[in-house]
Amino acid sequence: MAGFIVRRLLLLPVMLLAASVVIFLMLRLGPSDPALDYLRLSRVPPTPQALDEARRALGLDLPLITQYADWLWKALRLDFGQSYVTSRPVLPDLLHYLPATLQLAGAALVITLAISAPLGVWAARYRNGLPDQIVRLIAAIGVSMPNFWLGFLLALLFAVHLGWLPAMGRDGWRTLIMPAAAISFMTLSINARLLRASMLEAAGQRHVTWARLRGLSPRAVERSHVLRNALLPVITATGMYVGELIGGALVIESIFGWPGVGRYAVSAIFNRDYPVIQCFTLLMVAIFVICNLIVDIIYAWADPRVRLAAEGAP
């Protein structure tokens, strides 16, 4: 197990380095001129002389490889430059907004796992029955409805018409309910269908048949032999859900006025604030990769076959 973890940890800097290249080139080779955007946000007339000075100040007059090496060296020292809009260092501002986003994504993940697991088990237990049809309908609605549209509907119902929940802000658990529910609805729908399919597949395995023949109760077979094996694909999918939930927070935070990093990033995207966009994207990639690393370790611990396959065991 230790060797498996070490190999996964060694891949972490390689993946982050590859992501940094893509992030840097994606913005540098885009249709927009960073120097022109810098002058626009600084409210400086874009004269030829001003453009030349801005390019020299931003290092855009250097070869592309030199620009990347300089940006990477500063990023390794946690220096992502200054925002074009606020003229403040980017990373401290992002870290200031990050806890709110992690709180929102964490609440959405708890809702996803707490609701999707019972729904998936319920649907698999009554296959093709009324409970299964209800869960399928919920899953179809969840996959089809965009989270921002659900956010508007929740705000209209619970904040405007009923007045039960505050529509905006971050002030206690009541302000967390609607944005977390809006973000989690699609992922919990997918997770419920995934768990149902995994349980039905595991129920047809030979060891489950032998467990029934040994006289175990249906609930004991479901708990010890079906659900335990069906959870393995769900564990893998959970790592993907973290990235989806954080990505979903980009729009939801703007709808509900949630003071998180997603709202800050959306503002930077509209303003073409390149240092903020680069830092935010790299930070989200790092969070996503670390979460998947944790999921891989948990999966290998839960299923030794994965660890043995990675080690090349026959």
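For the structure, check the block above.
Residues numbered from 1 in each chain as written. Predicted model: local features only at pLDDT ≥ 70, side-chain atom pairs only at ≥ 80, totals over all residues. Heavy atoms only, no water.

Enquirer: Go over the side chain of Thr101, please, and point to the residues and values.
Expert: By secondary structure assignment, the location of Thr101 is in helix α5 (residues 90-125). A relative accessible area of 1% means that Thr101 is categorised as buried. With sequence-adjacent residues up to four places away left out, Thr101 is seen in contact with Ile246, Ala249, Glu253, Trp258, Gly260, Val261 and Gly262. (Helix = DSSP H or I, 4+ residues; strand = E, 2+ residues; numbered from the N terminus. Buried < 20%, exposed > 50% of the residue type's maximum accessible area, 1.4 Å probe, protein only. Contact = heavy atoms within 4.5 Å.)

Enquirer: Give me the nonpolar core: which residues, what numbers.
Expert: The biggest cluster of nonpolar side chains holds 56 residues, and the ones touching the most others in it are Phe80, Leu94, Leu104, Ile183, Met284 and Ile287. Here Met284 is in contact with Leu98, Ile246 and Val261, once residues within four sequence places are set aside. Counting residues in each nonpolar core, the second largest holds 11 residues, with Ala124, Val221, Val226 and Ala230 among its members. (Core = buried A, V, L, I, M, F, W, Y, C linked by side-chain atoms within 4.5 Å.)

Enquirer: Explain unusual backbone geometry to me, using residue names and the numbers behind them.
Expert: Working note: non-glycine residues mostly have negative phi, and peptide bonds are mostly trans. Of note in the backbone geometry, Ser87 takes a positive phi value of approximately 60° without being a glycine. Note that Ser87 resides in the loop between α4 (64-76) and α5. Under the relative-accessibility criterion, Ser87 is labelled partly exposed at 49%. The phi torsion at Asn128 lies on the positive side, around 65°, for a residue other than glycine. With respect to the helices and strands, Asn128 occurs in the loop between α5 and α6 (130-144). Taking relative accessible area as the criterion, Asn128 reaches 51% and is therefore assigned exposed.

Enquirer: Kindly report on the packing of α5 against helix α11 (residues 261-271), identifying the contributing residues and their values.
Expert: Two elements in contact, α5 and α11, have axes separated by 7 Å at closest approach and are oriented at 130°. As summarised for this structure, α5 and α11 are arranged oblique, according to the angle between their axes. Here Asp93, Leu94, Tyr97, Leu98 and Thr101 of α5 come into contact with α11, specifically with Val261, Gly262 and Tyr264. Taken together, the residues of the contact of α5 with α11 break down into 5 nonpolar, 2 polar and 1 charged. (Axes fitted to C-alpha atoms, helices over the stretch in contact; angles between N-to-C directions. Parallel < 35°, antiparallel > 145°, perpendicular 65-115°, else oblique. Nonpolar A, V, L, I, M, F, W, Y, C, P; charged D, E, K, R; others polar.)

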